[in-house]
Every structure is written in C-alpha cells, then in structure tokens.
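Examining the three-dimensional arrangement
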Number of protein chains: 2
Amino acid sequence: MSTVKKLSAQRRRISLLLLENKALVEDILNRQPRVTDKENKQLLDQTAEICQLIAELHAADLADLLESLPYDERLALWRLIPIEKRGRVLIEVSDSISDDLIKDMKDKEILRAVRILDVDEQAQLSRRLPRSLLGRILTTLEARQRAQLREAINYDEDCIGYLMDFKLITIRADVTLAAVQRYLRYRKTIPDSTDKLFVTDRKNTLIGELSLAAILLHPPKTPVATVMETHPLMFQPEERLEEAAGAFERYNLISTAVVDSKGKLMGRLTVEDIMDVVNKESDSHLRRSGGLTPSEDVYAPVYKAVRNRWAWLAINLCTALVASRVIGLFEDTLAHLVALATLMPIVAGIGGNTGNQTITMIVRALALHQLEHGKKSYLLLKELGVALVNGVIWGSIMGLVTYALYGSMAMGGVMMLAILLNLLLAALMGVLIPLSMVALGRDPAVGSSVMITAITDTGGFFIFLGLATLCLLP
Amino acid sequence: MSTVKKLSAQRRRISLLLLENKALVEDILNRQPRVTDKENKQLLDQTAEICQLIAELHAADLADLLESLPYDERLALWRLIPIEKRGRVLIEVSDSISDDLIKDMKDKEILRAVRILDVDEQAQLSRRLPRSLLGRILTTLEARQRAQLREAINYDEDCIGYLMDFKLITIRADVTLAAVQRYLRYRKTIPDSTDKLFVTDRKNTLIGELSLAAILLHPPKTPVATVMETHPLMFQPEERLEEAAGAFERYNLISTAVVDSKGKLMGRLTVEDIMDVVNKESDSHLRRSGGLTPSEDVYAPVYKAVRNRWAWLAINLCTALVASRVIGLFEDTLAHLVALATLMPIVAGIGGNTGNQTITMIVRALALHQLEHGKKSYLLLKELGVALVNGVIWGSIMGLVTYALYGSMAMGGVMMLAILLNLLLAALMGVLIPLSMVALGRDPAVGSSVMITAITDTGGFFIFLGLATLCLLP
C-alpha cells in the first residue's frame, strides 16, 4: 500500500469513528463520561485510537479531515488534537473554518500553538487572531523575530511580503564549496524547499545564488564566486503574489529571493507557498462564479449559509425586478398577444448565455495578460461577428419554430430580429463590461456575470416586446 | 530592474514591433520583400531585433507571447522562432494554439523540433501530431527511449503516467555519500527539480530516497542505507494526476517516485508538472463555467468561435423552448391576468440563482473530497433549511412588492408561495444533480449548472402559473 493510500485510510478511519458514534462525539465535547461503565471503556478505547491516528497524520491531513466533517464531529476532533500540533493545522484549514476553531481555544492555548510556528506562518495566522493576542505574541518573541513578524503583518494578503519565508541560508562569495559544506554540516539542518543558498555581501546585499546541485557537482576547492548564479531572479515584497506565481510556473522555480528596494536580502518565496496561492485563487474563482462568499463551508450551519448568500439573492431580485418592470411597460401589448409571454424568456435566456460566454473569454484573457498589448477593437469586432453569425442562424431557427407554433410570419420575424439584436447587445456588453471594470481598477471576475445577465434580460424583454409592439399590434 | 520585469519588457517589445507594423508581419509571412529598399532595410532591422529577443526569452515566455497575439502576428512570430526552440514552445502553449502552429510546420521541421525534447515531453506532444509522424519519431529514437515513449503515450491525460518524467538519478544503498558525490561529479549534471536521488536494488526495486540535503549534511563516509528515507511516498502510473496534485500540495513535495505494481522504479513526478496540472484544471473549470470549450482562444477567428460555442447555445435554446412550452400551457391564465407575465421571470430567476449557489458548494466539496465520508442527508437538510429561510424572507418581500404594485393580496400570496417552492426545488435538485452525476461516474462540474437552470426555469414557471391558475382565476 502506498503511503498516500495509507494516510487516506487513516483519515477515513477517524471519520468513521466520529460519524458513526454520536455518543463518542458527545463524550469528547462534554469532557465528562455520561455513559455506563462498559460503554465508557469502549469510548475511551476509541478516543485513544483517534489520538494515535492523529499523531501519525500530517497537519495538512488533519486540516482536510476537519473540513470534511460536520460541525460537532469537527469540534470533537479538534479537541483531541494536541495544542502543539494545532498551530500548523490552523495554517492549513480554510478561513471559514479556522475562525470557529480559534474561537474554541483559550488565549493561553492559542499562544502555545502559535509559538512553535515559523514567523511567516505566525504572520498569516495573526490576521485571524483577536487583536489583543497579537501584542502578547510579539512580546514572547526574540527581537529579530519580532521585527520580522512586525514587517510581515504589514503586507496585504496578495503581496509577496505576506507569504515571505525567513528560513533561508546565506553564505559569502569568497569561501570554497568545501567550506560551504562544512558550514551546512555545522548547521545540521537545511530548511524545507531549499534548492539554493543565497550569496550576500557584508551589507546583506544579494549578489548571487548557489544551487545545492552546484555544490555537489563541482570540486570542493571551487570558490563560491566562480559557480554561483550572478543574475538570479528576485522579487520585492510589495510585488503581487499572482505575478510571482506566473514566474514560478513559467521558469519552473523551487525558491526565489525576496529583496528590498536596495537589493538587500529580506527572505525567500518557495514553491509550496505558490501552490497554496494558486489553489486559493482557483477556489475563490469557483466560489465567486457560483455566487458564494469565501467564508462558507459545506457543513456551515443554516444561519451562516443564509447570511453568506443573502447579498447575491438581493442583487438578483433587484435586477429581476427591473426586468419585470420593463415587461410591465408592455402589458397592453401582452394583453393583445399572450403568445409573446411564452416566447420572451427565450430571447432573454439566449442573450444571457452568449453574454456569459464572451465575458468568460475576456476575463480569462485578462487574467492571463493576453490583452495587454492586444487590439481591443479587433476583439470587439470578433465578438460582434460571432454574435451576428449565431444571431442569424439561431434567430432563423427560432423564427421558424415560432412560425410553426403560432402560424404568424410577422411573429417569426420579430422573434428572429429580437434574438439577433439581443446577441449583438450581449457581445457588445460582454466586451465592454470587463474592460471598463479593469479601466476603473476593479476585478473583472467579480460581478461581470451578474451585470451581463441583468442587461441581456432587461434588454431582451425590451427589444422583443418593443419590436412586437411596433410590428404586431394593429 | 528585476529579471522578471526585464523579460516582460522584452515580451512587450516584440508585441509592439509586430502589432504596430502590418508591413513587417506581411513581410515575414510572405518570406519575400515586397517593399522599397529603404523600408526594406528597416524591416530587416526589426526582424533581426525580434530574432535577438527570441533568443533571450524562455520557451514559456514565447508561448505566452504567442497566446497574446492575434492570428497573423502569432504566425509571423512563430516563423521567426528557430526550429530547435519550437519543441519546448509547443509544450507550453495551450492546445487550441498548438494545433495551428503545428499545421504551419513541415513534417521534417516537426521531427527536428521534437527530437531534442525529453521523452515525457515527446509523449505529451505526440497526441497533437499527425498519426503518421509518431511512427517516424519512434524510429529516430534509441531502443530505451523508444520503449519509454511507447509506455508513456499509453496513459490517459489525467493519469500520472502521462506526465511521468524519466530524467532521474538512481544510486545503490551500500555505497557511501562520498561515492554518491563522486558519481554526481562524474555525471556532470543533475536534472531540474531534483531534490532527491532514488535508491534501488539490483532488480530496480525502489528501496529508499536520498535527499540532496542529506548528502550535504552527513559526513562523507556515511553509507547511503543509514541516512536514506526508507518509506518514501510513491505513486503508480495509473493513479490520477489530481490525487498526486493533492499530495504534492499537502506534503510540500518537490518530486516523487513513480513505481509499477511490483515496486520497480519507472520514473518520477515533479512539482513543475503538478503546477501545470493545477493551472490547466483551474483554466478548464473557468471555461466550462462560462460554456466555452477548451479549444477556443481569445483571438480565434469568428468561424472557429461560432463552431466552438454552438453546442451550448443549442442546449440553451432547447431548455428555453421547454420552459416556453410550459408557459404556453397557461396561456388562458395569462390572457386573464397579464400581470403574471411580468412577475414570472422573477420566480424563475431567483430559483436559478439559489440552485447555482447550492451546486457550486456541492461541486466544490466533491472536488475537495469533503463528502466522501460525510452525511449526505445532513447536507440535503441543510440546503433545504437555507432555502426555507430564504424563501420565507425573500418570498415575503416580493409578495409585499407584488401587493404594492398590483393591489392584490391573493397575487402577493401566490408570488410568495411560488418563490418559496421554487427555492426548495432548487435546493433539492442542487444537491441531487451533482451527487447523482457522481454516482453515474460523470464529472459533476460539467452540465450541472445548465441542468439546474433548466429545472428552476421550467419549475418556476409551472409553479407560479399553476398556483395562479388555482388561486386567482374566477
């Protein structure tokens, strides 16, 4: 059995124990045995088994497990995880869950859990801790770490500084590889995700990078200066994590230096941080595209879910109300020709669909920086061309269907023209909305889809019923 | 200026040269100067500048650049990239573009471009090449590589075997670290993304892993066996890449061994491959959520875009037609009470919105394996609970709005009840659709959203107009 499978089996075993035994969960949560002796013995055994499995699992496994359990079971498992292990678990769980878990801990426990973390991890966690605790954490640190933590918590969540890692090895350029290797043996450990050492001068300015491979491949007497990479790729802490992620993917990096504006080495960024960034981004896109906020998990209690979703529903209702009022303008037309009421959702629907295809294409191209130097007018013409072709094809088909259903050539013609015009409107707005949002400095992925649907609904009703009023009424 | 910024400036310069000079593009595409001498000199200079910049850029940069250029400019740039560099660029560009680029090359050129790639890269590319070429590529390889390529092309795109990398270093357990280091110096290179060497026995069975750090940290006389990791994490080529990506993220891996069912070492998987997998997945999700196929790029010509999008539009029109027929059932009711036509899109719209929220939540939880041991009935009850609360709140508000608009208590009541019932329907189907798709072995992310919208539209119209027929007609 591969290690991955074994770990997954262990996770499954814990879930099973907790999910199939309500008494066990209650027992853990109440911290007092309320059952008969024989049952009690069994519960204690099961608790011990869970504790044993917890000891064998990585923090990331425990985080996954916590996310996959309903509320009570989650809390029961959390209470069984030793304080020393909780800090790393908190780093790994998503924001929606860590709040609940932190709330379940006493201040003292939080301090103990946070103390053993690295500075960059403490910085990440400190945003989710009660404000008062941060001060107490700072006082427990030694001066250098305190300065690093103060520095790290000042950066925005999408800045490189936020995830900057301070565990790195620096060496001088004038020593030999043998000396470097002696120094490493003296240090006894090399931080995770280290593929290179950073070469600095006396003022801590980064002057090169020495890969572990270079140390192994060259004769021990070689000076560092002759085999180091003298033009290393480096970032500044204010740069955006998204850009760093692009560079890591493009140039297959494991770690890079982070330097200040004067070129002094501040820390490093590793591929593990980047993986987290990429995952978080794709998760947040997934949630946004479905109208969810980042703070709801699948087992969130009903009241939380309602609170999280209400804003989207409210917006949806408002736009629907506007569309409804547009239909209201044409009540007389509808009274003359009820068939229009059956056809109007088709015009609106196909417009929304096309508009969203265009928006998706543009938002994606913007995210991949494909439009930076591109021809925006070309893009608009292309989308209008696609809408024209689709409008003629599908408009004609629906026109014929309408004729077949209601036997009126005029109504078929109105249907066709309305679909064509609404598709053109959808293409136009599908290009303009995301581009204007970028021009206004906003994220085009948020809200574009709601706006286009609102416009194609309202526009579709207006175009269709307006045309019908002009052409079909006596 | 950081290296990343310099590279990005170089990319921008190439775009600018191509986009602002139609004559240059035509000149390159026609491969014959059609301009006067003085202009010609300038074009040649610019071509030379682009060639110089191409030489300085990574393959991944060139791939990005190709994706960001319109059709003609893209082809012009492609023709300037030396054949030897094209293989790697083809690996990096997305499928939609690589087809066009390959079509522009002669068979001989393709063979030359492919020859210098690693076996795993050849395997990835070979799927996009004309069938006849694959045989010719196989004949150019030496026996061992031929066997590896034959092996690699047999795996599905979502299997670990598909991205398995054959560049790795194996050592024996009974040698000393000094011997390992001597061997590395003799080999002269260490493959990219190597954080560990693989320890095998004479039958090529994987028995351990030796990290580069371990070689550096322990005294040279230490035997490999005493410092190697004896329970390494390993995968089999048939396992899914998605699971490997989870493990890489969870355990912060740089590389892992891939072994066959008997534990024999076949290859390795590296974090760079995993980054590509993660990026491709999030891109394909983005496209799917907007109803786009993976083969359309933002500069695709109109006919291609129409072809790519027609299927979604056809499905949308079919479901809209069904919804329209449901409204048609109630034409008599609508004729009596035209106001209903203005209100019915609201009921359908809010149902679709809620349903998509639920679907997003469930699809996300399924992707993160959060429901494997979870309580599905709990989930259904939770979503129904959320729908009940939202239905009562928003239903009442819309009921009051309806009363305010039309002065009819009965109509307000029908509105409220219809919204409540449609939200409950949306929640029920929002849970059942993705779970049933998983039970049927299909990907719940594809099509769920279309299905839920179709159901809440049709259901919303039916519920609202049905209730109105029962309660409001004389």
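Reading the values: the criteria
- Residues numbered from 1 in each chain as written.
- Chains lettered and ligands numbered in written order.
- Predicted model: local features only at pLDDT ≥ 70, side-chain atom pairs only at ≥ 80, totals over all residues.
- Heavy atoms only, no water.
- UniProt positions renumbered as here; feature names shortened; annotations may be inferred.
- Helix = DSSP H or I, 4+ residues; strand = E, 2+ residues; numbered from the N terminus.
- Rg over C-alpha atoms; globule rule 2.2 N^0.38 Å.
- Buried < 20%, exposed > 50% of the residue type's maximum accessible area, 1.4 Å probe, protein only.
- Contact = heavy atoms within 4.5 Å.
- Patch = residues over 30% accessible without salt bridge, like charges linked within 9 Å, V, L, I, M, F, W, Y side chains within 5 Å.
- Areas by Shrake-Rupley, 256 points an atom, 1.4 Å probe, with all protein chains shown as cover.
- Salt bridge = Lys/Arg side-chain N within 4 Å of Asp/Glu carboxyl O.
- Domains from an automatic or database assignment.
- Phe/Tyr/Trp six-rings, centres within 6.5 Å; stacked < 30°, edge-to-face > 60°.
- Lys NZ or Arg CZ within 6 Å of the ring centre and 35° of its normal.
- Core = buried A, V, L, I, M, F, W, Y, C linked by side-chain atoms within 4.5 Å.
- Least-squares fit on C-alpha atoms with pLDDT ≥ 70 in both.
- Pairing = 2+ DSSP bridges.
- Axes fitted to C-alpha atoms, helices over the stretch in contact; angles between N-to-C directions.
- 1 Å grid on protein atoms, 1.4 Å probe; cavity = no way out; pocket = protein on both sides within 12 Å on 5 of 7 lines; lining within 4 Å.
- Points joined across faces, edges and corners; volume = space filled by probe spheres on them.
- Nonpolar A, V, L, I, M, F, W, Y, C, P; charged D, E, K, R; others polar.
- Buried area = accessible area lost by both parts, 1.4 Å probe.
- Polar contact = N/O pair within 3.5 Å; in protein donor to acceptor, adjacent residues only side chain to side chain.

Per an unreviewed UniProt entry, chain A goes by the name Magnesium transporter MgtE and belongs to Brenneria roseae subsp. americana. Quoted verbatim from the Sequence similarities (unreviewed entry) field of the UniProt record, the comment on chain A reads "Belongs to the SLC41A transporter family."

1. Some points on the overall build of chain A
Secondary structure assignment for chain A yields 23 helices and six strands. Taken against the 2.2 N^0.38 rule, which gives 23 Å for 474 residues, the C-alpha radius of gyration of chain A at 30 Å runs more than 25% over that of a compact globule. Sorting the 474 residues of chain A into buried and exposed places 56% on the buried side. The long-range fraction of contacts in chain A, counting pairs at least 24 apart against all pairs at least 6 apart in sequence, stands at 67%.

2. With respect to a nonpolar patch on the surface
A surface patch of nonpolar side chains, about 360 Å² in accessible area, is lined by Leu388(A), Val389(A), Val392(A), Ile393(A) and Ile397(A). Position of Val392(A) relative to the elements: it lies in helix 21 (residues 376-406).

3. Some points on the domain arrangement of chain A
Here chain A is partitioned into domain 1 (3-157), domain 2 (170-270) and domain 3 (302-472). Averaged C-alpha coordinates put domain 1 of chain A and domain 2 of chain A at centres separated by 34 Å.

4. Considering the pattern of salt bridges
Inspection of the entire model under this criterion finds 39 salt bridges over all chains. One salt bridge in this structure joins Arg240(A) and Asp158(A), with 3.8 Å as the shortest N-O distance. Pair noted here: Arg240(A) is in the loop between strand 4 (234-235) and helix 16 (241-251) and Asp158(A) is in the loop between helix 11 (143-152) and helix 12 (160-163), with a separation of 82 residues, a long-range link. Judged by relative accessible area, which is 35%, Asp158(A) ranks as partly exposed. In this structure, Asp165(B) and Arg268(B) form a salt bridge, with 3.2 Å as the shortest nitrogen-oxygen distance. Of this pair, Asp165(B) sits in the loop between helix 12 (160-163) and strand 1 (170-171) while Arg268(B) sits in strand 6 (residues 265-270), and the two are 103 residues apart along the sequence. Of the residues examined, Asp165(B) reaches a relative accessible area of 4% and is grouped as buried. The exposure class assigned to Arg268(B) is buried, which follows from its relative accessible area of 1%.

5. Focus on the packing of aromatic side chains
All chains considered together, the criterion is met by four aromatic pairs over all chains. Measuring from centroid to centroid gives 5.9 Å for Phe330(B) and Phe462(B), while their planes differ by 65°, and the two rings are edge-to-face. Note that Phe330(B) is positioned in the loop between helix 18 (302-329) and helix 19 (331-336) and Phe462(B) in helix 23 (residues 448-472), a separation of 132 residues in sequence. Of the residues examined, Phe330(B) reaches a relative accessible area of 10% and is grouped as buried. Looking at Arg86(A), its charged tip hangs above the ring of Trp78(A), at a distance of 4.8 Å from the centre.

6. Describing the UniProt feature "domain: CBS" (unreviewed entry) in chain A
The sites that carry the UniProt feature "domain: CBS" (unreviewed entry) are, in the present numbering, residues 228-284 of chain A. Secondary structure content for residues 228-284 of chain A is 44% helix and 23% strand, and the end C-alpha separation is 39 Å.

7. Some remarks on the nonpolar core
Grouped together as the largest cluster of nonpolar side chains are 148 residues, with contacts concentrated most on Leu18(A), Leu77(A), Leu18(B) and Leu77(B). Contacts of Leu18(A), omitting those with residues within four sequence positions, involve Leu24(A), Val25(A), Ile28(A), Ile50(A), Leu69(A), Glu73(A), Ala76(A) and Leu77(A). Counting residues in each nonpolar core, the second largest holds 72 residues, with Ala418(A), Ile327(B), Ile419(B) and Leu472(B) among its members.

8. A short note on the relation of the copies chain A and chain B
Each copy of the sequence occupies a distinct position, and chain A is placed on chain B by a rotation of 180° and an axial shift of 0.0 Å, giving an RMSD of 0.1 Å. Considering both components of the superposition, the chain copies are consistent with a two-fold axis. An overlap of 100% is found between the interface residues of chain A and their copies at the interface of chain B, pointing to a shared contact surface.

9. Let's talk about the UniProt feature "transmembrane region" (unreviewed entry) in chain A
In the numbering adopted here, UniProt assigns the feature "transmembrane region" (unreviewed entry) to residues 310-327, 334-352, 384-406, 418-440 and 452-473 of chain A. End-to-end, the C-alpha atoms of residues 452-473 of chain A are 30 Å apart, and along that stretch the chain is 95% helix and 0% strand.

10. Structural notes on the sheet that holds strand 4 of chain A
Residue and element names in this part refer to chain A. Overall, mixed pairing links the three strands, which are arranged 4-5-6 in an open sheet. Every interior strand has two partners, whereas the edge strands, strand 4 and strand 6 (265-270), have only one. Docked against the sheet, helix 16 engages strand 4, strand 5 (255-259) and strand 6, running at close to 65° with respect to strand 6.

11. Structural notes on the environment of Gln46(B)
All names here are of chain B. Examined against the element boundaries, Gln46 turns out to sit in helix 3 (residues 37-56). Given a relative accessible area of 13%, Gln46 falls into the buried group. It is 68 Å that separates the C-alpha atoms of Gln46 and Met415, two residues lying 369 residues apart in sequence. Discounting residues that sit within four places of it in the chain, Gln46 has contacts with Leu17, Asn21 and Leu24.

12. Things to note about empty space enclosed by the protein
Evaluation of the coordinates by the stated rule reveals four cavities of 30 Å³ or more. As a volume, the second largest cavity reaches approximately 50 Å³. Forming the boundary of the second largest cavity are Phe248(A), Glu249(A), Asn252(A), Leu253(A), Val271(A), Val271(B), Glu272(B), Met275(B) and Asp276(B). Broken down by secondary-structure element, the contributors of at least two residues to the lining of the second largest cavity are helix 16 of chain A together with helix 17 (271-289) of chain B. When residues in the lining of the second largest cavity are grouped by element, the largest group, four residues, is from helix 17 of chain B. Here the residues of the lining of the second largest cavity are counted per class, giving five nonpolar, one polar and three charged.

13. Describing the pairing of strand 5 of chain A
Residues and elements named next belong to chain A. Within strand 5, five of the five residues are buried, which leaves the element mostly enclosed by the surrounding structure. With burial as the criterion, each face of strand 5 is covered, one bearing Ser255, Ala257 and Val259 and the other bearing Thr256 and Val258. One ladder, built from two bridges, connects strand 4 with strand 5; its direction is parallel. Its bridge partner lying in strand 5, Phe235 is registered against Val258. Across five bridges, strand 5 lies against strand 6 in antiparallel orientation. From the neighbouring strand, Ala257 faces strand 6, where its bridge partner is Arg268. Where strand 5 hands over to strand 6, the hairpin turn is made up of five residues, of which Gly263 adopts a positive phi near 85°.

14. Some remarks on the interface of chain A and chain B
Taken together, the 125 residues of chain A in the interface contact 125 residues of chain B. Both sides together, the interface formed by chain A and chain B hides about 11400 Å², and carbon and sulfur atoms give 65% of it. Across the contact surface, chain A and chain B share six salt bridges. Where Arg250(A) meets Asp61(B), a salt bridge forms, and the shortest distance between an N and an O atom there is 3.6 Å. Inspection of the region where chain A meets chain B yields 20 residue pairs in polar contact (both at pLDDT 80 or more). If one sorts the elements of the side of chain A that touches chain B by residue count, helix 20 (residues 339-367) of chain A sits on top with 18 residues.

15. Details of the sheet that holds strand 1 (residues 170-171) of chain A
Residue and element names in this part refer to chain A. Judged by pairing direction, the sheet is mixed, and its three strands sit side by side in the order 1-2-3 without closing on themselves. Two strands lie at the open edges of the sheet, namely strand 1 and strand 3 (206-211), each paired on one side alone. Of the strand pairs in this sheet, strand 2 (residues 196-200) and strand 3 are connected by five bridges, and their pairing is antiparallel. Looking across to strand 3, one finds that Lys196 is bridged to Ser211.

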